[in-house]
Amino acid sequence: MLHNRLPQIVSKMAGYPLSNNQVVTLSQTVLTLLALLLMMSLVLTPDIAWSSSDMANITGTATLEHQAAPVLGAKDYRQIGSISSRSFVWVIAQLHLFLAAFVLAVPLFVTVIEWIGVNTGDQRYDDMAHEFMKVSMTAYSLTALFGGTLAFSLFLLYPTFMAYMMTVFGNQVLVYALLFFMESGVLYVYYYSWYALRYGNKKYVHLSLGVLLNGVGTTLLFVANAWATFMMAPSGVDDTGAVTGGIWDIMRGPLWNPLNLHRFVANIAFGGAVVGAYAGYKMLSAQTMAQRAHYDWMGYTANFIAVLAFLPLPFAGYYLMAEIYAYSQQMGITAMGGILAWLFIVQAVLIGTILLSANYYLWNGMARCEGAKRYMGLIKYIAVTLIVSFLIWVTPHTLILSAKEIATLGGSHHPWLGPFGIMPAKNIAVNLMLIGTFLSFQLYRRADKVITVPWAGFGNALMVAIYLVAIANVIFLGVYYGYFTNTVYKVGSSVAQVVSTLIVIVSGVVIDTMMFKGAKTLPVKWGHISNRGVYALFALPIAFTWLMALMGYVRSSVRTHWHVYTIMKDNSVDNFIPSIGHAGNMMTIATISFLLLVLFIFWVASLGDTKQAHPNK
Amino acid sequence: MKVIKNWLLSFVIAFAVFYLMDHAMMSMQSLPLNADMTPAQ
Amino acid sequence: MIADESRFMTQEQGGIPVFLKVLSFMVLMVLVFTGIANLLPQVEGQAPKEVKVDLGTLTMDAYIAMGETLFKGKGTCTLCHNNLGRAPDILALNMIDTAAERLNDPNYKGDANDSESYFHESMITPSKYIVPGFGKAGDPSPMPMINKAPIGLNDIEIGAIIAFLQAKDGGQPTVSLPTETPAVAATTRVAEPPKPAVNAEEVLTKNGCTACHSVLDSVASIGPSLKAIGARATREEIRTSIINPSAVIVEGFAPIMPADFADKMMVKELEMVVDFLAKSTSEVSTESASESRVVTEKKGEK
């Protein structure tokens, strides 16, 4: 019965008719995929498949189980010449993470774009998806190379620490290796079968491969995240560091899921920004208007992905930070209010750069469409809001000051800038910036449409009302609870502020989707954007890359003088939190190296398209 | 007339949504508010 | 249309290649970020140093000072206990009065009965009693157990913080100075801590220096005269001779000076004595020269 009706159901879901064969292929691939995911989850959750004691017997870790973490001395650290081991590992790890984030993110949105291509029947999407994949292929092998280098340098420079980590994680590291093999296999098949599996049923096999690739890739990310979160907030071990739980207890620490979410979303934003730069570069060096138009469209799409993934990122960050506070208030304050607090000024500059570039790009992009003229008047208000909010955001709060500086300032807070320095003001600023960016985005989406639905008047009025009330609400919540009630209400109201912003975003998307039904579309002239506007596509990945390095420095530094927080002390010469200037220089070394690698990747990608003319012709 | 009705209705809806959301978000965190938005503790 | 589009295409004719423009734009941006990072105040977060406390020479003043250093440093107390409302602002509150207030709170269910045991309890088992208005209802206290990792203060250090909290508003510390067995330190206590001497003269008399040495008004020949010692010995040598008398024995004297003066004296007292002796040079020069000869002669007679 179901078998007969299945094609209709699936066709309905897909939005257009499918043949019986297509449905069968699709359901087979879906089933295979589910089976594979189930297998992976069993591998990852050994306490479901096997009890942890069995696991210990199998892995031979039984004898190691009740061993405390070793106390490290000078002999447990090595150094290559006079190069600081920490600096060395820092740069290698950062490069590995940049590349890994990129290669994990690209297939995520490539599969989505491929799906859009299938769904709309527009071949341009399929070509673009393939071109994005091409860029990430070279990056993949570089990721593996840096991953290997990182592993070797960790074992070489921090042998005892790594031995302890191996004791704790045991066979899980081999699961990681296994997943890596799977990732490579699926990735190559996915990329090289692109044209072999392009149409009809075969396309669904290809799409399923894409989903599988992302399943494996995301699992890889989560497995590796467990190492980082174990070091920050160990679980599955006792006070001395002796293993007490199964691998699942060790992995499922309090910070694991927050970090999984944060990195997953951030990777997409980062990957989008990098391919955006690729498109921007190809666009500027295009020889024909057709090429320019193609890459303009590609750059726009990549930027769209980056910004879309970026908007929820502050909320994922908020969740991570809240869990850090819940795990250890001390750790939270070390990050936000202690010596690392200065760094959030740099973070504000970077996020401000990202938001301003994204908006600048959208505003410039409005030149592509005649219909945008209607909205040009609003842009200056958005620009002013963004800049004022940005300035409030970078106003520092508690400063670590010398006695003389405190005397000059008349207190540790500036007399009239002080109120802008505290969290409520920053919450207002961040939410207004996000609302402003979403407005730019919404205006851009409306630029090429003439809305025809009969209730357009009401729809527009409702949208305007939502914006105005949301902005008023964000300011009211911040000012009233932030300055006139107690701390608990101050913190509580920030959740309502965030939800206000989310309501704007969600209702904006919903109302627009409904209003665009049957809308007349005005022509968009791709390529008609000033070259200055295109430079926003280069600002974005640079700010993202540097920001990622910066946040990595904070995430790692909150452990202070511990390798594994509360369990294994860092007794190396580098057991201090480096100053922000030194960290900034390290980030710059990593970012510029990454930039050069990316240029190499782009060059290799374009090399494939270059054909030498036959000398006899 | 219809225009005025549209705008009035829109603002009434928006106000209601955000007012209720504020109350909901705060009480979810066990921070109840009075009808005039002052803390009810 | 063609003319319209050509304005986009002509811009890249000649001039700097796109590649260099893009690269330098990106590098420039990175340098701006780096510059900002370097313009900010540069603070390093040093790992806490393991400080060996010389229990023998420790005085209550030094113990209180040690408590203050721990409170603001290794203990990381000021991360939360400050004027930002996250935890009671200990430095601003009078902690003796506050402790009494807390102990009288009908909701107080802990075992403490005075400020010392209250402070101790608050640090070791912070969830025993959570001050109203702090923490989340139903949750344990957000304050970490101070004797556990990552802070991990030992009993001597916890005692020092208690001493600091009691003394900072003019109160009298009730904690005893730690002895060689630190476990006892935090629980036993003495009624009154010894008061340091007011000046070097008092230290010299109190410790019985005058019995063997010619110093101040005394004339004695068991040990070498200390008059004008400042002319013959450096500050360092004087200090060494008090802490470890057998390090240098003046010719003709027996090594009989007790080696425990350093333990009996407070650091402050020791420094006063060293300071006083190092300064005894010219004002008593003539006398001392003859006297030291006298001492030598007397020594010779023996």
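For every chain, the first residue of the written sequence is number 1, and numbering continues from 1 along that sequence. Lettering of chains starts at A and numbering of ligands starts at 1, both following the order in which they are written. Per-residue local features of the predicted model are confined to residues with pLDDT of at least 70, and side-chain atom pairs are confined, for both listing and counting, to 80 or more; whole-chain, interface and lining totals are unaffected and use all residues. Processing note: side-chain calculations cover all non-hydrogen atoms of the structure and skip hydrogens and water entirely.

A. A look at the overall build of chain C. Of regular secondary structure, chain C possesses 13 helices and 0 strands. Put simply, DSSP marks the helices as runs of H or I at least four residues long and the strands as runs of E at least two long, and each gets a number from the N terminus on. Reading the secondary structure of chain C in the N-to-C direction produces α-α-α-α-α-α-α-α-α-α-α-α-α. Within chain C, buried positions represent 39% of all 302 residues. Counted over contacts in chain C with a minimum sequence separation of 6, partners at least 24 positions apart contribute 56%. Working definition of accessibility: Shrake-Rupley area with a 1.4 Å probe, residue cover restricted to the visible protein chains. Accessible surface, chain C as shown: approximately 16800 Å² in total, 59% of it carbon and sulfur. Under the scheme applied here, a residue whose accessible area is under 20% of the maximum for its type counts as buried, over 50% as exposed, and between as partly exposed, the area being computed with a 1.4 Å probe on protein chains only. Two residues form a contact once any of their heavy atoms are found within 4.5 Å.

B. Broad picture of the overall build of chain A. When helices and strands are tallied, chain A shows 24 helices and 4 strands. Here chain A holds 617 residues, and the buried ones make up 59% of them. Sequence-distant contacts, at least 24 apart, represent 83% of the contacts inside chain A between residues at least 6 apart. Carbon and sulfur atoms make up 69% of the accessible area of chain A, which totals about 25500 Å².

C. Looking closely at the nonpolar core. The set of buried Ala, Val, Leu, Ile, Met, Phe, Trp, Tyr and Cys residues whose side-chain atoms join them within 4.5 Å is what this entry labels a nonpolar core. Counting residues in each nonpolar core, the largest one holds 214 residues, and the members touching the most others are Phe132(A) and Met133(A). Ignoring any residue separated from it by four or fewer positions in sequence, one finds Met133(A) in contact with Val106(A), Pro107(A), Val110(A), Leu187(A), Tyr190(A), Tyr191(A), Trp194(A) and Leu213(A). Listed in part, the 33 residues of the second largest apolar core include Ala99(C), Tyr118(C), Ile162(C) and Leu165(C).

D. Broad picture of the layout of surface pockets. Residues and elements named next belong to chain C. Counted as a void, the second largest pocket has a volume near 980 Å³. We place a 1 Å grid over just the protein atoms. Points where a 1.4 Å probe fits but has no way out form a cavity, open points with protein on both sides within 12 Å along at least 5 of 7 lines form a pocket, and any residue with an atom within 4 Å of a point lines it. Taken together, 40 residues line the second largest pocket, and the ones lying closest to its centre are His 213, Pro 224, Leu 226, Ser 241 and Val 250. Breaking the lining of the second largest pocket down by element, the ones donating at least two residues are α9 (229-232), α10 (235-243), α12 (267-279) and α13 (285-301). Examining the composition of the lining of the second largest pocket, we find that 5 residues originate from one element, α10, more than from any other. The nonpolar class holds Ala, Val, Leu, Ile, Met, Phe, Trp, Tyr, Cys and Pro. Asp, Glu, Lys and Arg form the charged class, and all remaining residues, Gly among them, are polar. The class makeup of the residues in the lining of the second largest pocket is 26 nonpolar, 10 polar and 4 charged. Grid points are joined across faces, edges and corners, and a volume is the space filled by probe spheres set on the points.

E. Main features of the interface of chain B and chain A. Listed per partner, the contact involves 23 residues of chain B and 25 residues of chain A. Here the buried area means the combined drop in accessible surface, using a 1.4 Å probe, for two parts upon being joined, counting both sides. Buried surface at the junction of chain B and chain A, both sides included, amounts to about 2000 Å², of which 78% is carbon and sulfur. Only one rule defines a salt bridge in this text: a Lys or Arg side-chain nitrogen within 4 Å of an Asp or Glu carboxyl oxygen. Where chain B packs against chain A, one counts 0 salt bridges.

F. Structural detail: the interface of chain A and chain C. Each partner contributes residues to the interface: chain A has 59 residues there, and chain C has 45 residues. Approximately 4600 Å² of surface area, both sides summed, lies buried where chain A meets chain C, with 72% of it carried by carbon and sulfur atoms. The largest contributions to the chain A side of the interface with chain C come from Gln329(A), Gln330(A) and Tyr535(A), which together make up 13% of the buried area. Scanning the region where chain A abuts chain C turns up 0 salt bridges. Nitrogen and oxygen atoms within 3.5 Å of one another constitute a polar contact, given that in protein one can donate a hydrogen and the other can accept it, and given that sequence-neighbouring residues count only through two side-chain atoms. On the surface where chain A and chain C come into contact, there are 6 residue pairs in polar contact (both at pLDDT 80 or more). Looking at the side of chain A that touches chain C, the elements that each hand over two or more residues are α11 (256-284), α12 (289-310), α14 (329-336), α15 (343-365), α23 (536-557) and α24 (580-607) of chain A. Broken down by element, the side of chain A that touches chain C gets its largest block of residues, 10 residues, from α24(A). Grouping the constituent residues of the side of chain A that touches chain C by class yields 29 nonpolar, 26 polar and 4 charged.

G. Examining the environment of His561(A) more closely. With respect to the element layout, His561(A) can be found in the loop between α23 and β3 (562-564). In the structure, His561(A) is positioned 13 residues away from Asp574(A) in sequence and 8.8 Å away in space, judged by C-alpha atoms. Leaving out residues up to four positions away in the same chain, His561(A) has contacts with Lys569(A), Asp570(A), Asn575(A), Ala47(C) and Pro48(C). In this structure the side chain of His561(A) is engaged in a polar contact, spanning 3.5 Å, whose partner is the side chain of Trp562(A).

H. Spatial organisation of the packing of aromatic side chains. Residue and element names in this part refer to chain A. Centre distance within 6.5 Å is the pairing criterion for rings of Phe, Tyr and Trp, where only the six-membered ring of Trp is used; planes under 30 degrees apart are then read as stacked, over 60 as edge-to-face, and the remainder as tilted. Going through the model one piece at a time under the given rule, you end up with 41 aromatic pairs over all chains. Where Phe 222 meets Trp 256, the ring centres are 6.4 Å apart and the plane angle is 75°; that geometry is what we call edge-to-face. Linking Phe 222 in helix α9 (residues 200-232) with Trp 256 in helix α11, this pair joins segments that are 34 residues apart in sequence. When its relative accessible area of 8% is taken as the criterion, Trp 256 is described as buried. Taken together, the ring pairs connect Tyr 140, Tyr 176, Phe 180, Tyr 188, Tyr 191, Tyr 192 and Trp 227 into an aromatic cluster.

I. Seen up close, unusual backbone geometry. The omega angle of the peptide bond from Ala149(C) to Pro150(C) is 10°, so this bond is cis rather than trans. In this model, Thr560(A) sits at a positive phi of 45°, which is unusual for a non-glycine residue. Of note, Thr560(A) is situated in the loop between α23 and β3. Of note, Ser30(B) is a non-glycine position whose phi angle comes to about 50°, a positive value. As for its placement among the helices and strands, Ser30(B) is situated in the segment after α1 (2-28).

J. Broad picture of helix α6 (residues 155-167) of chain C. All names here are of chain C. The span you would expect from a helix comes to 1.5 Å times its residue count less one. Between its terminal C-alpha atoms α6 stretches 18 Å, which fits the 18 Å expected from 13 residues at 1.5 Å a residue. Within α6, 12 of the 13 residues are buried, which leaves the element mostly enclosed by the surrounding structure. Taken together, the buried positions of α6 are occupied by Ile 156, Glu 157, Ile 158, Gly 159, Ala 160, Ile 161, Ile 162, Ala 163, Phe 164, Leu 165, Gln 166 and Ala 167. Put simply, Asn 154 is the residue that caps the front of α6, since its side-chain oxygen is 3.1 Å from the backbone nitrogen of Ile 156.

K. Local environment of the pattern of salt bridges. Residue and element names in this part refer to chain A. Evaluated as defined, the whole model comprises 17 salt bridges over all chains. A salt bridge links Lys 75 to Asp 76, with the shortest nitrogen-to-oxygen separation between them at 3.5 Å. For Asp 76, a relative accessible area of 6% translates into the label buried. For Lys 449, the salt bridge identified is with Asp 448, shortest N-O distance 3.0 Å. With respect to class, Lys 449 is no different from Asp 448; both count as buried. Members of the salt-bridge network, linked through shared partners, are Glu 114, Asp 126, Asp 127, Arg 198 and Lys 203.

L. Expanded view of the packing of α11(A) against α24(A). Residue and element names in this part refer to chain A. To get an axis, fit a line to the C-alpha atoms, keeping to the stretch in contact for a helix; angles then go from 0 to 180 degrees between the N-to-C directions. Their axes nearest at 11 Å, the elements α11 and α24 cross at an angle of 60°. It follows from the interaxial angle that α11 and α24 lie oblique. By crossing handedness, the relation of α11 to α24 is classed as right-handed. Of the residues in α24, those in contact with Phe 270, Val 274, Ala 277, Tyr 278 and Lys 282 of α11 are Phe 594, Val 598, Phe 602 and Ser 606. Angles below 35 degrees are treated as roughly parallel, those above 145 as roughly antiparallel, those between 65 and 115 as roughly perpendicular, and all remaining angles as oblique. By the definition used in this description, the sense in which the near helix is turned from the far one sets the handedness, with an anticlockwise turn below a right angle giving left-handed and a clockwise turn giving right-handed.

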